[in-house]
Amino acid sequence: MTEPTHYSLPALPYDYAGLAPAISEEQLRLHHGKHHQAYVNGANAVLEKLDNSRKANVDLDMKATLKELAFHLGGNRMHTMFWENMAPAGKGGGGVPSGMAGKMIAAEFGSFDRFRKEFTQAANSTEGSGWAALTLCLTTMRPLIMQVEKHGVNTYPFRIIMVLDVWEHAYYVDYKNDRAKYVENFWNIVNWDTVNKRLSEALIK
Ligand code: MN
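Residues numbered from 1 in each chain as written. Predicted model: local features only at pLDDT ≥ 70, side-chain atom pairs only at ≥ 80, totals over all residues. Heavy atoms only, no water.

Below, the discussion takes up the coordination of the manganese ion. Within the first shell, the manganese ion binds the protein through His31 (NE2), His79 (NE2), Asp165 (OD) and His169 (NE2), at distances of 1.9 to 2.2 Å. Each donor residue of the manganese ion belongs to the same chain, with the gaps between them written as H-x47-H-x85-D-x3-H. Of this pair, His31 sits in helix α1 (residues 25-56) while His79 sits in helix α2 (residues 62-84); the two residues are 48 residues apart in sequence, bridging distant segments of the chain. Pair check on accessibility: His31 and His79 agree, each one buried. (Donors = N, O, S within 2.8 Å, 3.2 Å for Na, K, Ca; no water. Helix = DSSP H or I, 4+ residues; strand = E, 2+ residues; numbered from the N terminus. Buried < 20%, exposed > 50% of the residue type's maximum accessible area, 1.4 Å probe, protein only.)

In structure tokens, the structure reads:
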């Protein structure tokens, strides 16, 4: 199998209108087609810059270059996970988790309601641009909620299981400054099957 040398924008696993009304078609088109595409283009541009600098045998500002690469790669990876951990409400999206996710959430948080409350608080209080994420620590095998600033990738010991984009560009078309409402409606489109799949992959390591 030939591996791709560059990144490309993944297709959404549903129509642009599929997540409405939690996320409108206009909002999703913009978020996926413009913002996510910009991270894909940005990562590819840094790869080109690295390739060219090597060919020409010139030095780059490595700190700035790698910071830029991490930003765009993180953006690409986080958005890809985000699209996959959502589904149309009532058609794979929403409800309460069953299976391993349901069990682990109940064991760690006491109940799904308590988990939902803590995750919501994390999403609502993430500073600036960032994400709320459900992660799994591979040392303790305990699920942990994490706030990710920008598209931060300083999260290596933890396996990310579920993410929610709380950058303003993710919800401003639909909700203006009402992030809380956007976060509340996210629960109607969580794809728990994907969450369970990621969890079982993480458990195998
Ligand atoms: Mn985003």
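With that settled, consider helix α7 (residues 192-204). Over its 13 residues, α7 extends 18 Å from the first C-alpha to the last, a length consistent with the 18 Å expected when each residue adds 1.5 Å. The backbone nitrogen of Asp193 lies 3.1 Å from a side-chain oxygen of the residue at the head of α7, namely Asn191. (Expected span 1.5 Å × (residues − 1). Polar contact = N/O pair within 3.5 Å; in protein donor to acceptor, adjacent residues only side chain to side chain.)

Another aspect to go through is the environment of Ala123. Along the chain, Ala123 falls in helix α4 (residues 112-125). Expressed as a C-alpha distance, the spacing of Ala123 and Gly74, which sit 49 residues apart in the sequence, is 18 Å. Residues in contact with Ala123, not counting those within four places in the same chain, are Ala132, Leu164, Val166, Arg179 and Val183. (Contact = heavy atoms within 4.5 Å.)

Time to look at the side chain of Thr126. Within the fold, Thr126 resides in the loop between α4 and β1 (130-137). Since its relative accessible area comes to 4%, Thr126 is described here as buried. At 2.8 Å, the side chain of Thr126 and the backbone oxygen of Ala122 are in polar contact. Once residues lying within four places of it in the same chain are set aside, the contact partners of Thr126 are Trp131, Gln147, Val148, Val166 and Arg179.

Turning our eyes to something else, we now look at the pattern of salt bridges. Applying the stated criterion to the full structure yields seven salt bridges. The partner of Arg142 in a salt bridge is Glu108, and the shortest N-O contact between them spans 2.7 Å. You can see Arg142 sitting in the loop between β1 and β2 (143-149) and its partner Glu108 sitting in helix α3 (residues 99-109), a full 34 residues away along the chain. With relative accessibility at 45%, the residue Arg142 sits in the partly exposed group. With relative accessibility at 25%, the residue Glu108 sits in the partly exposed group. For Glu118, the salt bridge goes to Arg114, with nearest N and O atoms at 2.9 Å. Of this pair, Glu118 and Arg114 both sit in helix α4, separated by four residues, roughly a single helical turn. Look at Glu118 and you get partly exposed, because its relative accessible area is 27%. On the basis of relative accessible area, Arg114 is assigned to the partly exposed category, the value being 40%. (Salt bridge = Lys/Arg side-chain N within 4 Å of Asp/Glu carboxyl O.)

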